[in-house]
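Residues per chain are reported as follows:
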Amino acid sequence: MFKIAKIEAFAVSVPLRSPIKMAGIEVRSADNLIVRVRDQDGTIGWGEAASAPTMTGETLNGMVAAIRYMAPQLEGNEVTDPHAIQFGFDRLMYGNHGAKAAIEIALLDLAGKRQNTPLYELLGGKVRDDAIILTMVAGGDLATEIENTKQQVGAGFSSFKVKVGVNPPDRDLERVTIVRGVAGGDAQISADANQGYERDDAITFAQGAAQAGLDFMEQLVSGDDLAGMAACAQASSVPLGADEGFHSMRDIRVHKEFGAASGGSLKTIKFGGAQAVMDASRLMRDLDMHVNLAGKLAETSIASAAIAHLAVAVPRLDWDASVTNQYLADDLVMDPIEIVDGRVRPNDVPGLGIHLSEEKLAKYVLNQ
């Protein structure tokens, strides 16, 4: 179908509109890997992966180095089947799923352009026309969070995630209760601790989750603490999902087997690309597990476009989708992904459906 001529890696840092507080950190910018793949005819595909050392073990500089290590082994190869793009990556180097995801998305974008096909068709086709977007409640004081929630309700959002694990559990439960009251009874409210609680505090939070009005909660303890997750799940009638604990098909099965999660968050940087996320989503459907589809905080409209295409293609999406370019002060594309009335719909044009601004890329690229 096409021959890979050149693979390039860029490190970028794009500012957020306002800081977002998560367990252990405050995020002020999106420090991400951008990948450009060019074929023998000059057609270009774009990919992106966010750096997430505490989730994937990859730093921004490390991802750039991984691309530069893999690129010579891929350049000159023929791509005859877009569905087989992901299968050769693990032979190139171990791990580095974020870097591999950026290459895979760029190759899928290129394949879609060559075939005049939107990405969602390469992923198996639509099962829905659009998807509900989950928006975050995090950062600032409680008054600011209340005001932000009111504004998001006014903009049509109906799904909210409260970032917890940065305060004692009773204070976080109070915040959740208030957000529930502001968002209304029909909204879907979740809470994500990003591994921030010790086990006793996590169980305390879980025990109060139903009364606080939560619909589901996420990763209350460390991703490798299956026993702690299971204890939290048993302590509450509110479903518990995994995020940092999900990196493979085996992780999904183990969480189900141990009663450690009844659902979870799927990210391209954890599983190694969009096609791996599709495989994971099918497994979770078969296991009757709840599915949240998420971009990492925060991604530009390159990775967010991939999430938008996945959001209409995954078989189950009852915990909604997170498209994170909405948190950026600027973007790298000329046609940013838009959320309308709290929902996202991918562009019905070839590949990702975005057009990168070389001027913006040059503005935010880091010297290397």
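Above this text you will find the structure in question.
Residues numbered from 1 in each chain as written. Predicted model: local features only at pLDDT ≥ 70, side-chain atom pairs only at ≥ 80, totals over all residues. Heavy atoms only, no water.

Moving on, we get to the packing of helix 10 (residues 249-258) against helix 12 (residues 274-286). Where helix 10 meets helix 12, the axes come as close as 10 Å, and the angle between the chain directions of the two elements is 20°. As the angle between them shows, helix 10 and helix 12 are arranged roughly parallel. Once helix 10 is placed against helix 12, the crossing between them reads as right-handed. Within the contact between the two elements, helix 10 uses Met249, Ile252 and Arg253 and helix 12 uses Asp279, Ala280, Leu283 and Met284. Looking at the contact of helix 10 with helix 12, its residues break down into five nonpolar, no polar and two charged. (Axes fitted to C-alpha atoms, helices over the stretch in contact; angles between N-to-C directions. Helix = DSSP H or I, 4+ residues; strand = E, 2+ residues; numbered from the N terminus. Parallel < 35°, antiparallel > 145°, perpendicular 65-115°, else oblique. Left-handed = near helix turned anticlockwise from the far one by under 90°. Contact = heavy atoms within 4.5 Å. Nonpolar A, V, L, I, M, F, W, Y, C, P; charged D, E, K, R; others polar.)

Looking now at the packing of helix 8 (residues 199-212) against helix 9 (residues 226-234). Packing of helix 8 against helix 9 brings their axes to within 8 Å, and their N-to-C directions diverge by 25°. In terms of axis orientation, helix 8 runs roughly parallel to helix 9. Considering how the two elements wind past one another, helix 8 and helix 9 form a crossing that is right-handed. Counted together, Arg199, Ala202, Ile203 and Ala206 of helix 8 and Ala227, Gly228, Ala231 and Cys232 of helix 9 form the full contact between these two elements. Tallied by class, the residues present in the contact of helix 8 with helix 9 amount to six nonpolar, one polar and one charged.

Attention now goes to the packing of aromatic side chains. Between two aromatic rings, the relevant description is the distance of the centres plus the angle of the planes. Under the defined criterion, the tally for this structure stands at two aromatic pairs. With 5.5 Å between their ring centres and 35° between their planes, Tyr197 and Phe205 make a pair best called tilted. For Phe205, a relative accessible area of 0% gives the class buried. Note on Phe216 and Trp319: the rings are 4.0 Å apart at their centroids and 5° apart in plane angle, and the pair reads as stacked. Placement of the pair is Phe216 in strand 9 (residues 216-218) and Trp319 in the loop between helix 13 (301-311) and strand 13 (321-322), with a sequence separation of 103 residues. For the residue pair Phe216 and Trp319, the accessibility class agrees, reading buried in each case. (Phe/Tyr/Trp six-rings, centres within 6.5 Å; stacked < 30°, edge-to-face > 60°. Buried < 20%, exposed > 50% of the residue type's maximum accessible area, 1.4 Å probe, protein only.)

A word on the pattern of salt bridges. Under the counting rule described, the total for this entry stands at 24 salt bridges. A salt bridge links Arg114 to Asp39, with the nearest nitrogen and oxygen atoms 2.5 Å apart. You can see Arg114 sitting in helix 4 (residues 97-115) and its partner Asp39 sitting in strand 2 (residues 25-39), a full 75 residues away along the chain. Taking the relative accessible area as the measure of exposure, Arg114 reaches 29% and is therefore partly exposed. For Asp39, a relative accessible area of 2% translates into the label buried. Where Asp41 meets Arg114, a salt bridge forms, and the shortest distance between an N and an O atom there is 3.0 Å. With a gap of 73 residues between them, Asp41 in the loop between strand 2 and strand 3 (44-50) and Arg114 in helix 4 connect regions that are remote in the sequence. For Asp41, a relative accessible area of 54% puts it in the exposed group. (Salt bridge = Lys/Arg side-chain N within 4 Å of Asp/Glu carboxyl O.)

Among soluble globular proteins, nonpolar side chains are generally buried collectively. Counting residues in each nonpolar core, the largest one holds 121 residues, and the members touching the most others are Leu33, Phe205 and Leu220. Among the elements that make up this core, the one with the highest residue count is strand 1 (residues 2-22) (11 residues). When residues no more than four places from it in sequence are discounted, the contact partners of Leu33 are Ala9, Phe10, Gly47, Glu48, Ala49, Leu60, Met63, Val64, Ile67, Ala99 and Ala102. (Core = buried A, V, L, I, M, F, W, Y, C linked by side-chain atoms within 4.5 Å.)

Relative to the 27 Å expected for 19 residues at 1.5 Å per residue, helix 4 spans 26 Å between its end C-alpha atoms, a close match to the ideal helical length. With its phi angle positive at about 55°, Asn116 sits one or two positions after the end of helix 4. (Expected span 1.5 Å × (residues − 1).)

In this section: the sheet that holds strand 2. Read across the sheet, four strands follow the order 3-2-1-4 without closing on themselves; strand pairing throughout is antiparallel. On the outer flanks of this sheet lie strand 3 and strand 4 (78-79), each paired with one strand and no other. Here strand 2 runs beside strand 3; their pairing, made up of seven bridges, is antiparallel. Bridging from a neighbouring strand, Val35 pairs with Gly47 of strand 3. (Pairing = 2+ DSSP bridges.)

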